[in-house]
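Spelled out, the chains give:
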Amino acid sequence: MARSPEKQVSGHPANEEASRAKGATGQAATISLTASAKTYADRQGLTSLLASAGISGDCQTGDIVSVGDADFYILRRRWVLSAGSSRLEITLDHPMRGR
C-alpha cells in the first residue's frame, strides 16, 4: 500500500498508510479542480479531458497528474457520502506549489 511522502501534505503522519474504505482500490474517482486549476485547464482546453480522466482511487495526495505539458497535483482526496452510497472525489490544483 502506498505511504504518504516524508514531507506529507495529506494530513496523515509521515510514512503512515492512508486508510481506504471498502471498494476504494481501483475505483475511478470524480475530479474536482481548484479555481486556479480550472482557469488554467479552461485556457488550455483540458477541462473535459480532466473530467473524464478516470483517475484511480489508488492515487495519493501529492501525486502528479501530467496532461501534455501541464502538471497538476492531487491536493485533496475526500469521500462524499449520500444516502446509501459513497464516492471518492480527487481535487487537482495547478500550478505546483511548494514542490
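Residues numbered from 1 in each chain as written. Predicted model: local features only at pLDDT ≥ 70, side-chain atom pairs only at ≥ 80, totals over all residues. Heavy atoms only, no water.

### Focus on the confidence of the model for the chain
Overall, the prediction assigns the chain a mean pLDDT of 79, with 71% of residues at 70 or greater. The element-level mean pLDDT for the chain is lowest in helix α2 (residues 47–51), coming to 89, with helix α1 (residues 35–44) highest at 96. (pLDDT = per-residue confidence, 0-100. Helix = DSSP H or I, 4+ residues; strand = E, 2+ residues; numbered from the N terminus.)

### Here's the deal with the pairing of strand β3 (residues 70–82)
With four bridges connecting them, strand β2 (residues 64–67) and β3 associate as antiparallel partners. Looking at β3, one finds that valine 65 is bridged to phenylalanine 72. Counted along the chain from β2 to the antiparallel partner β3, the turn is two residues long, and its residue glycine 68 has a positive phi close to 60°. Two strands pair when backbone bridges link them, and β3 and strand β4 (residues 85–93) are joined in this way by nine bridges, in the antiparallel orientation. From the neighbouring strand, isoleucine 74 faces β4, where its bridge partner is leucine 92. Between β3 and β4, which follow one another and run antiparallel, lie two residues, and glycine 84 among them has a positive phi close to 75°. (Pairing = 2+ DSSP bridges.)

### Notes on the nonpolar core
In this structure, Leu46, Leu50, Val65, Phe72, Ile90 and Leu92 are the most contacted members of the largest nonpolar core, which totals 16 residues. Contributions of two or more residues to this core are made by α1, β2, β3 and β4. Filtering out sequence-adjacent residues up to four positions away, leucine 46 remains in contact with Tyr40, Ala41, Val67, Ala70 and Phe72. (Core = buried A, V, L, I, M, F, W, Y, C linked by side-chain atoms within 4.5 Å. Buried < 20%, exposed > 50% of the residue type's maximum accessible area, 1.4 Å probe, protein only. Contact = heavy atoms within 4.5 Å.)

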